[in-house]
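Fold and geometry: a report
What follows is the residue order along each chain.
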Amino acid sequence: MKKETLFAVVSLLFVACNTHSPSAGNKEDIDQYHDKQAENMVLRGHYLVIVGGCNDCHSPKKLTPQGPVVDSERLLSGHPATVPLPSLHVDALTPGHWMLMGPDLTAYAGPWGISYAANLTPDSSTGIGVWTEDVFVKAIRTGKHLGVDNGRSILPPMPWEEIAQWKDNDLRAVYRYLRSLPPIRNQVPAPVSPQDAAKYTKVISTSSEAMPGPAHRIASNLNRLTGSHQKM
Ligand code: HEC
């Protein structure tokens, strides 16, 4: 072996022995490396939840003059169980009409009945505390509640078809982030079929009861909400 080649081999060996790659390091290095990886997963999950719009539906809101604002103290805890639903026009439950959303955008009415955004915090009895990572991924990939093959379908407006196309690691990152949240006890009601809706909220059927009515009443509602005095 030439002198230069020997020198290069020895230098490489020296570098290899001194790197901090986890495979060559001691147990402390390996633990630190894994902690960092786990932390990065949670940060990525947080980012994906923000850009994926999960808070729009899954977080209760504070109602402000500027409109509903995410309540950071009840982040991702789903439709608040204790808030009564406003009355509901029967048309919303039949195809071809306007569909409706509750005031804080966590409850929805449409031809499927009434659906409520789920509690995604890690509370063990009312959230995803007992869900494994695989159950979470399977539910979103298959559009089946809790990922059960013959179970009920996940209802609108949960956009599972789109989220199902995310990469496996991204879905796992979202799960890890959700597991890092403070658990919030909030038993979101089970969805309700159109036939049963009247048992859970006042269902009204005449348009005069349901609609604000003439244009000037709509305008005055708008003024009240926006504080403006626009004329209609
Ligand atoms: C437009 C509103 C909306 C958005 C946006 C939304 N969800 Fe949902 N989500 C819902 C509703 C409503 C339900 C309840 C559906 C039901 O009961 O079948 C739900 C249910 C779920 C469930 C429970 C599934 C099951 O097995 O029952 C999970 C998990 C979930 N959403 C995760 C997410 C994540 C993660 C995001 C963001 C990437 C997200 N959702 C965005 C409305 C939404």
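Residues numbered from 1 in each chain as written. Predicted model: local features only at pLDDT ≥ 70, side-chain atom pairs only at ≥ 80, totals over all residues.

1. Topic: the confidence of the model for the chain
Summary statistics for the chain give a mean pLDDT of 85 and a share of 78% for residues scoring 70 or more. For residues 13-19, every residue scores under 50 in pLDDT, and the model assigns this stretch two contacts once sequence neighbours within four places are set aside. (pLDDT = per-residue confidence, 0-100. Contact = placed C-beta atoms within 7 Å.)

2. Regarding the site of the ligand
Around the ligand there are 23 residues in total, and Gly52, Cys54, Cys57, Leu155 and Met158 lie nearest to it. With four residues, the single largest contributor to the shell around the ligand is helix H3 (residues 54-58). The residue inventory of the shell around the ligand, partitioned by class, reads 17 nonpolar, five polar and one charged. (Near = placed C-beta within 6 Å. Helix = DSSP H or I, 4+ residues; strand = E, 2+ residues; numbered from the N terminus. Nonpolar A, V, L, I, M, F, W, Y, C, P; charged D, E, K, R; others polar.)

3. Some points on the environment of Leu146
In this fold, Leu146 is placed in the loop between helix H4 (133-142) and helix H5 (160-163). The class of Leu146 is partly exposed, set by 14 C-beta atoms lying within 10 Å. Dropping the residues within four chain positions of it, Leu146 is found in contact with Val135, Ala139 and Gly151. (Buried ≥ 20, exposed ≤ 12 C-beta atoms within 10 Å, placed from the backbone.)

4. A closer look at the sheet that holds strand S4 (residues 100-101)
If you walk across this open sheet you meet the three strands as S4-S5-S6, and the pairing is antiparallel. Lying at the two open borders of the sheet, with one neighbouring strand each, are S4 and strand S6 (113-116). Bridge count for strand S5 (residues 107-110) against S6 is four bridges, and the pairing is antiparallel. Bridge pairing links Ala109 to Ile114 in S6. (Pairing = 2+ DSSP bridges.)

5. Brief notes about the nonpolar core
Among the nonpolar cores identified, the biggest contains 31 residues, and Ala109, Phe136, Val174 and Leu178 are the most heavily contacted of them. Listed by contribution, the elements that provide at least two residues to this core are H3, S5, S6, H4 and helix H6 (168-179). Take this core: its biggest share by element is six residues, from H6. Apart from the residues lying within four places of it in its own chain, the contact partners of Val174 are Gly45, Leu48 and Val49. (Core = buried A, V, L, I, M, F, W, Y, C linked by C-beta atoms within 7 Å.)

6. Some points on the pairing of strand S2 (residues 67-70)
Of the pairings in the sheet, the one linking strand S1 (residues 61-64) to S2 comprises four bridges and is antiparallel in character. Considered in S2, the bridge of Lys61 is made with Val70. Counting the residues that bridge the hairpin from S1 to S2 gives two residues.

7. Looking at H6
Look at H6: 17 Å from first C-alpha to last across 12 residues, which is about the 16 Å you get at 1.5 Å a residue. Turning to H6, its buried residues number three or more, namely Leu171, Ala173, Val174, Tyr175, Arg176, Tyr177 and Leu178. Residues of H6 that are buried in the fold lie against helix H2 (27-51) and H4. (Expected span 1.5 Å × (residues − 1).)

8. As for the packing of H4 against H6
Two elements in contact, H4 and H6, have axes whose closest approach is 10 Å; the angle formed by their N-to-C orientations is 120°. One element, H4, and the other, H6, form an angle in the oblique class. Where H4 crosses over H6, the handedness of that crossing is right-handed. Residues Glu133, Phe136, Val137 and Ile140 of H4 lie in contact with H6, whose contacting residues are Asp168, Leu171, Arg172 and Tyr175. (Axes fitted to C-alpha atoms, helices over the stretch in contact; angles between N-to-C directions. Parallel < 35°, antiparallel > 145°, perpendicular 65-115°, else oblique. Left-handed = near helix turned anticlockwise from the far one by under 90°.)

9. Section: the environment of Gly96
Relative to the helices and strands, Gly96 is located in the loop between strand S3 (88-89) and S4. Residues Gly96 and Gly110 lie 14 residues apart in sequence; the distance between their C-alpha atoms is 9.6 Å.

10. Some thoughts on the packing of H2 against H6
Interaxial distance between H2 and H6 falls to 7 Å at its minimum, and their mutual angle equals 95°. Viewed along their axes, H2 and H6 adopt a mutual orientation that is roughly perpendicular. Here Met41, Val42, Arg44, Gly45, His46, Leu48 and Val49 of H2 lie close against H6, whose contacting residues are Asp170, Ala173, Val174, Arg176 and Tyr177. The residue makeup of the contact of H2 with H6, split by class, is seven nonpolar, two polar and three charged.

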